[in-house]
Amino acid sequence: MESTTLSDDEGQSKKVNTAIQIAMARLEDEFRNILIPHATPIETDLLSESTPRSANSFTEFSVHSDYSNRVEEDALSRDGSSSLSEQAENSSRAISSYRSMSSIRELDLMPSDSIYDLRSIAERMISAGYFRECVQVYGSVRKAAVDGSFRKLGVEKLSIGDIQRLEWDALNAKIGKWIRAAKMCVRVLFASEKRLCEQIFQGLGSAADEACFMETVKGPAVQLFNFAEAISISRRAPEKLFKILDLHDTLVELLPDIDVVFEGASAESIRVQAAEIISRLAEAARGMLNEFENAVLREPSRVPVPGGTIHPLTRYVMNYISLISDYKQTLGELIVSRPVTGSRYSDDASTPDMDFTEHEEQSPLALHLIWIIVILQFNLEGKSKHYKDTSLAHVFVMNNVHYIVQKIKGSPELREMIGDTYLRKLTAKFRQAATSYQRATWVGVLYCLRDEGLHVSGSFSSGVSKSALRERFKSFNAIFDEVHKTQALWLIPDAQLREELRISISELLIPAYRSFLGRFRTHIESGRHPENYIKYSVEDLETALLDFFEGNAVSQHSRRRSQ
């Protein structure tokens, strides 16, 4: 009898289990069927919406949210005496107050009646021990929706290796897209998925809402952050610095939102990954600044730029550090040590050194910018030595240092960081180069206009040697012609600097020539063929000086002869 009873009990148990399995399979199918019609990707215009939602679109959560409502509603949802509809309503109300970041926007991904049905099925499946099956069905359907939204946002499925093999131009464009997508994914897409999980699963035990959320978004989240991680560990090329800083600033801005959206214990790996990426991006930025300094110092070009104009390196470096000043808040936090200057290279005379004693009040970042300008000047001085014409070498230095000064003055942020003390040093530098140019070019020209050697000793006639005077005018004409022809081809691109140097030359040359011509022209004009010797009038010289530093060949036009 006992064996017969046991056999009947086992049979009955099998029937019950079979019935439960059939019921759960049907519930699972129904669960999936309710989910699928609402698994379409989110429209990109909704993802990019920045205004708070209305009752049917977005919810905005205040920085000063009150958490007490959520605690009360959670208690109600766990109370067996409350109806399922009350639990769903309470859960929905609880979600509306738990956020701490006003930047988070949440979409209603499903209508309330579908959420009610899904919660009813989930409660029955979980209570029957089918928690894992319920999570897997939910995750598979919702993950497909997330993947579709990723595609609409332009988030590609690329491995870290794929990303590191991309050419920089292609990667540069992808970084911009990623930054926009990351903000939308964290603040809208993932946040909305988390809200939906809580509406359906919160209070059903076993941290079901957290499990379903991670089942849905962990893969996409890892895919999203792997992009930034690949950039953070890639080669530290200086041209990547500003995109690295953009990524860094984006993740720093998103980190509080990431901590909110991925707050559960099972999401810790996502929070840790984001924080580690920020740290690696910061280290990469520091390394790239050092690489840039080394690149400026070692830039190897030896071919002189035509006309002594601004070297491409100067333009590149000054544009680069102007951009650095735009990121001064971020870099000011990341750059905490002074640059390593000439002492790093011990006896290497090819590297400048820098005395920091007069820059004690300036930040480490400001010292790095000054150091970059120091090594740029050092490199330019080396390049100036490749000009065969000393005067042109001075024009080259003047042009380039003047450009540095103007770029600093043109950026209030950069000027503030560099400081007026060092700016005055740079100004004195290009003015000294202008003076050196004048000395190298015009001392020889003015030497022709001296009185010495023209007077005949012991003469009781005019006292002037006409033959010596003729040779002096011929020498002046030849030297000035050559200077005019040569230096008209030189280029001073800054109009004000060009005019200032011409005026300075005119103040040296014109009074000396006018005086010389006034004293001696009668001696030439009283002889034969005076036009062969007095080639220029004062006005002719003034006109000729207008050709200087324009970067154009002088046309062989006839000038008005002195009468």
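The rules behind the values
- Residues numbered from 1 in each chain as written.
- Predicted model: local features only at pLDDT ≥ 70, side-chain atom pairs only at ≥ 80, totals over all residues.
- Heavy atoms only, no water.
- Buried < 20%, exposed > 50% of the residue type's maximum accessible area, 1.4 Å probe, protein only.
- Helix = DSSP H or I, 4+ residues; strand = E, 2+ residues; numbered from the N terminus.
- Arc of directions from axis to C-beta.
- pLDDT = per-residue confidence, 0-100.
- Contact = heavy atoms within 4.5 Å.
- Polar contact = N/O pair within 3.5 Å; in protein donor to acceptor, adjacent residues only side chain to side chain.
- Phe/Tyr/Trp six-rings, centres within 6.5 Å; stacked < 30°, edge-to-face > 60°.
- Core = buried A, V, L, I, M, F, W, Y, C linked by side-chain atoms within 4.5 Å.

Draft legend 1. The arrangement of helix α20 (residues 538–545) in detail. Here α20 has its buried residues at V538, D540, L541, A544 and L545. Down the axis of α20, the smallest arc covering the buried residues is 160°, so these residues share one side.

Draft legend 2. A look at the confidence of the model for the protein. For the protein, the mean per-residue pLDDT works out to 83, and 82% of the residues sit at or above 70. Taken element by element, the protein is modelled with least confidence in strand β1 (residues 58–60), mean pLDDT 30, and with most confidence in helix α15 (residues 390–409), mean pLDDT 98. Predicted confidence is poor over residues 49–101, with pLDDT under 50, and the contacts of this stretch with residues over four places away or in other chains come to 99 contacts. Note on residues 557–563: pLDDT is under 50 here. Beyond four places in sequence and across chains, it has 16 contacts.

Draft legend 3. The arrangement of the side chain of S192 in detail. Mapped onto the elements, S192 comes out in helix α8 (residues 168–201). Within the structure, the side chain of S192 is placed 2.7 Å from the backbone nitrogen of L107, a separation counted as a polar contact. Ignoring anything within four residues of it in the chain, the contact list for S192 reads R105, E106, L107 and L109.

Draft legend 4. Looking closely at the side chain of D209. Structurally, the position occupied by D209 is in helix α9 (residues 208–232). Given the relative accessible area of 16%, D209 is considered buried. Ignoring anything within four residues of it in the chain, the contact list for D209 reads C197, E198, F201 and Q202.

Draft legend 5. Looking closely at the packing of aromatic side chains. Evaluation of the coordinates by the stated rule reveals 22 aromatic pairs. Between F150 and F190 the ring centres are 6.1 Å apart and the planes differ by 40°, which places this aromatic pair in the tilted class. Here the residue F150 occupies a position in helix α6 (residues 131–153), and F190 occupies one in helix α8, the gap between them amounting to 40 residues. The pair F150 / F190 is uniform in exposure class, with both members buried.

Draft legend 6. Up close: the nonpolar core. Formed by 165 residues in total, the largest nonpolar core has its most connected members in F190, F201 and F262. It is α8 that provides the largest number of residues to this core, a total of 18 residues. With near-sequence residues (within four places) excluded, F190 lies in contact with V146, F150, C185, F213, V217, P220, A221, L224, V261 and F262.

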